[in-house]
Amino acid sequence: MYIDFDIVRHAAPALWQGLKLTATVSVISIPLGIVIGTIAAYMADAKHMALRAVALGYVELVCNIPFLILVYLSFFGLPKLGLQSSAFAIAIGTMAFYTGGYFCEILRAAFRSVPKGQIRAALSLGMSGWKIQRYVVVPQIFGFLIPPTVSLTIMMFKDTAVFSVMSLPELTYQSNLMTADTFAYVEVLGTTALIYWGASALMETFGHAMEMRVRRWSHR
Amino acid sequence: MIEFFTAHGALKPFFDGVVQGAGVTLYASSLAFVIGLVLGVMLMVVRVAGGTIARTLVVVYVSAMRGTPLLIQLLIAYYVLPAIFGINISPIAAGILALALNTTAYVSEILRGALSTIPAGQAAAARALGMRQWEVWRFVLLPQMFHRAVPPLTNEYTVLLKASSLLSIIAVTELATVARNATLQSDLPLQVFTATAVVYFIMLWSASSVSRRIERHFARLLPNVH
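Residues numbered from 1 in each chain as written. Chains lettered and ligands numbered in written order. Predicted model: local features only at pLDDT ≥ 70, side-chain atom pairs only at ≥ 80, totals over all residues.

Asks: Please explain the packing of helix H2 (residues 12-49) of chain B against helix H8 (residues 175-186) of chain B as it appears in this structure.
Replies: When two helices pack together, their arrangement is given by the angle between the helix axes and by the axis-to-axis distance. Residues and elements named next belong to chain B. The N-to-C vectors of H2 and H8 enclose an angle of 165 degrees; their axes lie 7 Å apart at closest approach. Classed by the angle they form, the pair H2 and H8 counts as roughly antiparallel. Classified by chirality, the crossing of H8 by H2 is right-handed. When H2 is examined against H8, the residues Pro-13, Phe-14, Gly-17, Val-18, Gly-21, Ala-22 and Thr-25 are found in contact with a partner set consisting of Leu-175, Thr-177, Val-178, Ala-179, Ala-182, Gln-185 and Ser-186. (Axes fitted to C-alpha atoms, helices over the stretch in contact; angles between N-to-C directions. Helix = DSSP H or I, 4+ residues; strand = E, 2+ residues; numbered from the N terminus. Parallel < 35°, antiparallel > 145°, perpendicular 65-115°, else oblique. Left-handed = near helix turned anticlockwise from the far one by under 90°. Contact = placed C-beta atoms within 7 Å.)

See the structure below:
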């Protein structure tokens, strides 16, 4: 097999543009999703039944509908409802929505890892709900949260490739343009795969380092 | 609400293809899962018991499969593999191949995780009782490993079922493709994709209910092992 590095050089600027957009979408939407997921996780434990139903229904939707279908639904469906917005905005919204559902599940599992007796003990000491979260729950679940959150981040980062179906010029879309331009599938797709792989490996290494750091001051 | 979905025969093209599409989705993800299980077991054994070079190769393979988007893997299976090997490959074969090779990596890690929960003393004890190495695997390690791996493995199947919607990108006529084509005919994406989401929801919900049931069943079988 012969690899033409001139084609790699030719494709590199476009792929770099794509990677920047992929990174931008991830950096905005994943933290946004974590915020949404946190709100949903507290709603899922709320006293009010309607709040619980909304949060649990949301999680079930995200867990049981493919990301691609959700992307199609929002990209082709929202304009029919009279909501005109850019592909970029729709990408951010869809990805934040999807990330939130998964993060809600992660957070709820983390809450369950704190023994109920500790919450009751804190209540009987007269601590307020806020203080219980601040001093009892959150410090203990941090170490528990990091590995699944890193996995989720990498999973969603990889899922940004799906946005190529709605012509958002992220990495996979740029890669498709370049293969259409050069017909050099091996070189272009190979380079694209290496870029994704490198970025994922970097996140994994960073996540591992963070886990080690948090373990030092976390209680578990 | 109901008129919204029935007006202008909105869903007719979708309903015409939905059974076949869902069938292809189930067929592709199930076949890929079975292949992935077999290859995953082999990879796991190499990873745990192989030589340095073989182990490194498995680590690199798993990292590559988990570090790149499935969509890119599908494109590589469909466009790059035929170019390298000079063969023609149908979209469905490329799709099943990519899904299978992808899930192999996840399955091997699930199995390795399950294996690592079996106390090392058991294998040593089996060797001390005069079992050969393959007998240790066959009678001591693999049965327990599979018991522990059943819940995450069934979960992996639902992940695969969900991800198989990406086969539509390489023109496999599965559920998502049926939906996409139906919207091109009717120009009613809201109705069609909502209906598609419902069909996927039913499929995935049933798969994860079965998965939860299996999980409970196995939890009862192994009351004191964690």
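Asks: Got a minute to help me understand the interface of chain A and chain B in this structure?
Replies: Often, the extent of an interface is quoted as the loss of accessible area on bringing the components together. If you look at the interface, chain A gives 26 residues, while chain B gives 29 residues. Of all elements in the fold, only helix H3 (67-77), helix H6 (129-159) and helix H8 (185-217) of chain A reach the threshold of two or more residues within the side of chain A that touches chain B. Considering every element that reaches the side of chain A that touches chain B, the biggest residue donor is H8 of chain A, with nine residues. Of the residues belonging to the side of chain A that touches chain B, the class tally is 18 nonpolar, five polar and three charged. (Nonpolar A, V, L, I, M, F, W, Y, C, P; charged D, E, K, R; others polar.)

Asks: Can you help me understand the environment of Leu-129 of chain B in this one?
Replies: Residues and elements named next belong to chain B. Tracing the sequence through the fold places Leu-129 in the loop between helix H6 (120-128) and helix H7 (133-163). Residue classification places Leu-129 among the exposed residues on the basis of 10 C-beta atoms within 10 Å. Separated by 62 residues in sequence, Leu-129 and Gly-67 place their C-alpha atoms 42 Å apart. (Buried ≥ 20, exposed ≤ 12 C-beta atoms within 10 Å, placed from the backbone.)

Asks: Please clarify how the nonpolar core should be interpreted in this entry.
Replies: Counting 113 residues, the largest nonpolar core has Ile-69 and Val-71 of chain A together with Leu-71 and Leu-74 of chain B as its most contacted members. Not counting the four nearest positions on each side in its chain, Ile-69 of chain A is found in contact with Ser-165, Ala-176, Phe-193, Thr-196, Ala-197 and Tyr-200 of chain B. (Core = buried A, V, L, I, M, F, W, Y, C linked by C-beta atoms within 7 Å.)

Just distances and angles here, no functional claims.
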